[in-house]
Structure formats: C-alpha cells, structure tokens
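Each chain, written out:
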Amino acid sequence: MTSPQNDPAPQPPQGHTHAHTHSHGPAAPVSRHLRKVIAAVLIPFATAVVVGLIAFWPGGVPDHERTGVGFDRQTQDGKVVQVVKVDCADVNAAQVPPTGDTSTPSGREAVNEQEGECAKATVEVTSGDDKGRRFVEVVQPDAPRQLKEGQGVVVAYAPDAPRDLQYSVTDVNRKVPMALLAGIFALAVVLVGRMRGVMALVALAVSFAVLTLFILPAILQGSNPLVVAVIGASAIMLAALYMCHGVTARTSVAVIGTLISLLLIGLLGSLFIGWASLSGNTDDNTGLIKGLYPDIDMSGLLLAGVIIGSLGVLDDVTVTQTSAVWELHQADPEMGWKGLYRAGIRIGRDHIASVVNTLVLAYAGAALPLLLLFSIAQSSVGTVANSELVAEEIVRTLVGSIGLVASVPVTTVLAALVVSADRAGPGGAQAATAAPARTGRGRRRKKG
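As a starting point, this report considers the structure included with it. What you see is a predicted model; the values in this text were computed from it and never measured. Every chain begins its residue count from 1, and numbering advances along the sequence as written. This being a predicted model, a pLDDT of at least 70 is required before a residue's local features are given, and a value of 80 or more before pairs of side-chain atoms are given or counted; all residues contribute to the totals for chains, interfaces and linings. In computing side-chain properties, one takes all heavy atoms of the structure into account and sets aside hydrogens as well as water.

Overview of the state of the cysteines
Disulfides are defined as pairs of cysteine sulfur atoms found within 2.5 Å of each other. On inspection of all chains with the given rule, the structure shows one disulfide. Sulfur-sulfur distance for the disulfide between Cys 88 and Cys 118 comes to 2.0 Å. Residues Cys 88 and Cys 118 are joined by a disulfide whose S-S torsion is about 110 degrees; by sign, that bridge is right-handed. You can see Cys 88 sitting in helix H3 (residues 88-91) and its partner Cys 118 sitting in strand S2 (residues 117-125), a full 30 residues away along the chain. The two residues Cys 88 and Cys 118 agree in class, both being buried. Secondary structure elements follow DSSP: runs of H or I no shorter than four residues count as helices, runs of E no shorter than two count as strands, and numbering proceeds from the N terminus. Think of it in three bands: residues with accessible area under 20% of the maximum for their type are buried, residues over 50% are exposed, and the middle band is partly exposed, with areas taken using a 1.4 Å probe on protein chains only.

Below you can see the structure in the form of structure tokens.
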C-alpha cells in the first residue's frame with residue numbers, strides 16, 4: 001500500500017473524510033511532551049499572577065471625605081408624586097430679568113426662564129433616613145430631562161445646605177430597564193451558547209469581580225496602575241479563556257498569544273503616552289479623581305485602560321486563530337507548520353480587517369459628542385488631533401489596533417508550531433486522530 005507521502009492523489013479524499021469526522025468534535029490532543037512544554041511556560045506565569053494578586057490585593061476602597069461634587073455626592077432613591085404646570089415667571093421670580101439679547105446661550109436661557117410653562121414636581125424620598133420626606137423640583141421647559149408623575153428618580157443629598165435645599169433630583173432611576181436588558185442578554189447567551197454560554201457568563205462575572213475588587217481599589221490605594229492592570233488583565237485572561245474553552249493545549253496557545261500581544265500593547269502604550277505627554281487628566285471626572293486621590297498616576301491610569309480595553313478583543317482574535325489552525329491540521333494532518341501558518345494567516349487577514357474596524361468605530365462612537373463639538377467649532381483636523389482629549393483616543397485606538405494586528409501572526413505561528421510538532425511522534429496528534437477517522441469510515445461502510 002502506497003503511503004500518503006508518496007502518493008498525493010488519495011490525500012484529498014482522506015482530508016475530506018477526516019474533516020467530516022471531526023469538524024464538530026473536540027480538538028485532537030497534542031503529545032505529552034508538548035503538554036509538558038506548554039505547562040512549563042504557563043504554570044510559572046499563572047503562579048506569578050496569583051502572587052501578584054496577593055501582593056497587591058487592596059482589601060477595599062480607601063475612605064475619603066465626600067466633596068458633594070459629581071459622582072461623589074450622597075444619593076438616595078426618590079419618586080415623583082405630583083407634577084403641575086406653572087408659569088415660569090412665577091417660579092423664576094428671583095432670577096435676574098433677561099436683557100432681551102437672545103444671540104447668546106445665556107441670553108436665550110434667561111428669556112426661557114421668564115417665558116413659557118415650567119413643571120413644578122413634588123418628589124418623595126423613598127430610601128435612607130429621610131424616607132417619606134418631600135421636596136419641590138422646578139423643571140425649566142427647555143431642560144433635557146422632564147419629570148413625569150410616578151417616575152423613579154435619583155436624588156442628591158447635601159447635608160450642609162439649608163433644609164429646603166438639601167435634596168435635588170440628579171438623575172432618572174433606570175434600574176428596572178437595565179436589569180431587564182441584562183436578563184435578556186443572559187437568556188440569549190444561554191439559549192444559543194448552552195453550556196458554553198453559561199460558562200461565558202460565569203467568566204464575565206469573574207472579570208467584573210477582578211475589576212471591581214482588585215484593579216480599581218488597588219489603583220485608588222496608590223499602586224502602580226500599569227502593574228495592577230497587567231496582573232488583573234492576566235487573571236481575567238486565564239479565568240475567561242480556560243473557563244470558556246477548557247483546559248487544553250489549544251486554549252493554552254491562545255493564552256500565550258494573548259500574553260505576548262498584551263506585553264506589546266503595554267510597551268507601545270507606555271512609549272507613546274509618555275512621548276505625547278498625555279496626562280490622563282482631561283475632564284471633570286478625572287479631575288475629581290485626582291483631587292480626591294492626589295497620589296494616583298493619571299497617565300498610568302490611562303495606560304491601564306488601554307490594556308484592559310484591548311483584552312476582550314484580543315481574546316476573540318487569539319482563540320479564533322488557534323482554533324482555525326487546529327481545524328486545518330485535523331483536516332490535513334500531513335501539512336507542515338509553514339503550510340498551516342500560510343493557511344491560518346489567510347484567515348487572519350480577514351479577521352484583522354473586521355476587528356480593527358470594529359475597534360476604531362467603538363472608540364469613535366464613544367468620543368462622538370467630542371468630535372461633534374470640534375466639528376461645530378470648525379477646527380482643522382490637525383488642531384482636533386493635537387488636543388489631548390482626542391489624542392488620548394487616537395493613541396488608545398492605534399496602540400490597541402497594533403496589538404490586535406500583531407496577535408494574528410504571533411498566535412498563528414505558535415499554534416502551527418505546536419500542532420505540527422506532533423506529526424511524527426508516537427502517540428501524537430496524528431495517531432490520536434487516525435483511529436477515530438478509521439472508525440468513522442467503518443461506520444459508513446456498515447450503513448452502506
């Protein structure tokens with residue numbers, strides 16, 4: 001009988017049969033030797049992550065004295081119990097009379113405060129020590145948020161203010177629609193993904209726990225944001241990938257590819273954030289954080305955000321590329337690592353185009369109001385790009401995209417080297433996949 005290496009003609013039918021037999025099954029195992037090599041790389045890495053978590057574990061968010069500014073206000077739940085329409089001139093009697101000049105925003109606002117119909121809402125506090133207490137909120141006719149009777153609201157409490165001014169409506173209560181949307185999302189994931197979907201939700205919960213219990217409190221306590229982000233992102237990566245895709249050599253290769261890409265993103269981000277003199281303190285929220293916790297390295301916080309923001313898309317790319325190479329190897333076990341790499345990189349090029357576009361559009365969508373503001377100001381493209389607000393998004397997008405692009409060849413070559421190294425080894429992947437393939441052909445002969 002002629003071997004497949006000497007007779008290429010029968011090879012396509014064999015490859016077709018093998019792919020048909022295993023396309024929906026688990027990946028073929030690699031040899032014991034390669035599993036030991038992979039373990040020798042990942043076990044020290046996982047140990048270092050655990051040690052890092054223990055060493056930098058914050059033990060809670062540090063206390064501070066509330067400023068009553070922005071998100072640092074005391075809040076309670078409330079409910080609008082009554083809304084009546086009143087003449088704006090009556091409720092705005094103490095305002096400075098308008099000058100009549102409506103060419104400026106302040107002039108138009110002054111006119112609106114004296115003309116038209118305002119809403120006078122009675123709001124009841126429904127939580128906290130002052131539960132049942134009522135206060136009045138006046139809503140101007142041009143206010144972006146109008147109140148309705150029976151509507152749930154969030155009220156801010158200022159203990160140092162006069163009693164009649166201690167409470168004010170600061171936002172709408174959105175807990176019910178947000179919880180319903182989260183429930184629909186979880187149901188859709190479980191219905192479509194089944195057990196994989198359940199594990200994906202568990203991994204999502206673990207990721208959120210690492211973010212809220214480790215990364216954020218550790219940064220607030222003054223730890224280096226870059227070190228904390230690398231440790232936290234590594235912990236999220238290990239938990240998410242192994243929980244969702246199993247403890248296999250294929251998953252381990254994706255983990256190594258993701259780790260290399262994260263290191264590249266960290267190096268590039270550190271270089272260009274420093275070179276571009278990005279402070280990370282560009283708006284009211286970051287200014288409030290810096291005021292409350294002066295020891296925080298804001299530029300390091302920006303770099304940490306770049307790393308964590310890139311992790312989710314990196315997982316997708318590395319897992320997809322590794323799975324593609326594994327399936328290619330199962331379809332043609334005789335293909336060498338170079339052939340596997342060339343075939344895998346062709347798949348990766350399509351992935352690169354879609355993922356980079358997704359990442360850029362995601363950041364652009366988040367910064368859309370800012371871009372619109374610059375467009376209104378009729379600033380040049382160079383002026384817009386040079387401003388720190390936009391430069392941060394540009395650096396974030398491009399550094400993350402470079403890491404994503406690099407993850408494709410890195411992960412593909414790692415996967416190709418791992419699976420092809422087992423070809424001639426006894427008890428390797430080829431031997432493991434050959435027996436099921438023959439069994440499948442035998443079953444088809446019996447059916448025929």
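Observations concerning a nonpolar patch on the surface
A grouping of Leu 187, Leu 191 and Val 192 is seen on the molecular surface, where their side chains present a nonpolar patch of about 350 Å² in accessible area. Mapped onto the elements, Val 192 comes out in helix H5 (residues 175-220). Given a relative accessible area of 73%, Val 192 falls into the exposed group. Residues enter patches when they are more than 30% accessible in relative terms and free of salt bridges; like-charged ones are connected within 9 Å and nonpolar ones (Val, Leu, Ile, Met, Phe, Trp, Tyr) within 5 Å. Calculation of accessible area relied on Shrake-Rupley with a 1.4 Å probe; when residues are assessed, cover is drawn exclusively from the protein chains displayed. In the sections that follow, a salt bridge refers to a side-chain nitrogen of Lys or Arg positioned within 4 Å of a carboxyl oxygen of Asp or Glu.

Re the side chain of Ser 310
With respect to the helices and strands, Ser 310 occurs in helix H9 (residues 298-331). Under the relative-accessibility criterion, Ser 310 is labelled buried at 2%.

Section: helix H2 (residues 32-56)
In this model H2 runs 35 Å from its N-terminal to its C-terminal C-alpha over 25 residues, within 8% of the 36 Å that 1.5 Å per residue would give. Bend at a given residue is defined as the angle between two axes, one fitted to the seven residues that end at that position and one fitted to the seven that begin there. Helix geometry: H2 is bent most strongly at Ala 39, by close to 25 degrees. Those residues of H2 lying buried are Leu 34, Ile 38, Leu 42, Phe 45, Val 49, Gly 52 and Leu 53. Contact definition: two residues touch when any of their heavy atoms are within 4.5 Å. For H2, the elements touching its buried residues are H5, helix H6 (225-245), helix H7 (249-275) and helix H13 (388-420). In this scheme, a helix's expected span is set at 1.5 Å multiplied by one less than its residue total.

Some words on the pairing of strand S1 (residues 74-87)
DSSP-based pairing: two strands are paired if at least 2 bridges between them are found. In this sheet, strand S4 (residues 152-157) lies alongside S1 in antiparallel orientation, the contact comprising six bridges. Across the sheet, Gln 74 pairs through a bridge with Tyr 157, a residue of S4. Note that S1 and S2 share nine bridges and pair antiparallel. Bridging from a neighbouring strand, Lys 79 pairs with Glu 124 of S2.

Some details on a positive patch on the surface
Positive charges come from Lys and Arg, negative ones from Asp and Glu, while His and the chain ends are left out of the count. For charged residues, the charge sits on one atom: NZ in Lys, CZ in Arg, CG in Asp, CD in Glu. A cluster of basic residues, Lys 338, Arg 342, Arg 346 and Arg 349, forms a positive patch at the surface. Position of Lys 338 among the secondary structure elements: in helix H10 (residues 337-366).

Let's talk about the packing of H5 against H6
Direction vectors running N to C along H5 and H6 enclose 165 degrees, while the axes themselves pass 9 Å from each other. Here H5 lies roughly antiparallel to H6, going by the angle between them. The two elements H5 and H6 cross, and the hand of that crossing is right-handed. Residue-level contacts link Arg 196, Met 199, Ala 200, Val 202, Ala 203, Val 206, Ser 207, Val 210, Phe 214, Ile 215, Ala 218 and Ile 219 of H5 to Pro 225, Val 228, Ile 231, Gly 232, Ala 233, Ile 236, Ala 239, Ala 240, Met 243, Cys 244 and His 245 of H6. Residues are grouped as follows: nonpolar covers Ala, Val, Leu, Ile, Met, Phe, Trp, Tyr, Cys and Pro; charged covers Asp, Glu, Lys and Arg; every other residue, Gly included, is treated as polar. Counted by class, the contact of H5 with H6 contains 19 nonpolar, three polar and one charged residues. Here the axes come from fitting lines to C-alpha atoms, over the contacting stretch only for helices, and the angles between their N-to-C directions go from 0 to 180 degrees. Oblique is the label for any angle not covered by the other classes, which are roughly parallel (under 35 degrees), roughly antiparallel (over 145) and roughly perpendicular (65 to 115). Helix crossings fall into two classes, left-handed where the near helix is turned counterclockwise from the far one by less than a right angle and right-handed where it is turned clockwise.

As for the environment of Gly 269
Position of Gly 269 among the secondary structure elements: in helix H7. Residue Gly 269 is classed as buried on the basis of its relative accessible area of 1%. Spatially, the C-alpha atoms of Gly 269 and Ala 304 are 9.1 Å apart, while their sequence positions differ by 35 residues. Excluding residues that lie within four positions of it along the chain, Gly 269 makes contacts with Leu 303 and Val 399.

Points about the packing of aromatic side chains
In this analysis, rings of Phe, Tyr and Trp, with Trp reduced to its six-membered ring, are considered paired at centre separations within 6.5 Å, and the interplanar angle assigns stacked below 30 degrees, edge-to-face beyond 60, and tilted for intermediate values. If you walk through the whole model with that rule in mind, you get four aromatic pairs. An angle of 20 degrees between the planes, with centres 5.9 Å apart, marks the rings of Phe 135 and Tyr 167 as stacked. You can see Phe 135 sitting in strand S3 (residues 134-139) and its partner Tyr 167 sitting in strand S5 (residues 167-172), a full 32 residues away along the chain. The class for Tyr 167 is buried, based on a relative accessible area of 7%. Put simply, the rings of Phe 135, Tyr 157 and Tyr 167 pair up and form one aromatic cluster.

Looking at unusual backbone geometry
You will see that Arg 194, though not glycine, has its phi angle at about 55 degrees, which is positive. Here Arg 194 lies in helix H5. We note that Ser 277 has phi near 55 degrees; this positive angle belongs to a residue other than glycine. Judged by relative accessible area, Ser 277 falls into the exposed class, the value being 59%.

Nothing here speaks to function; it is all geometry.
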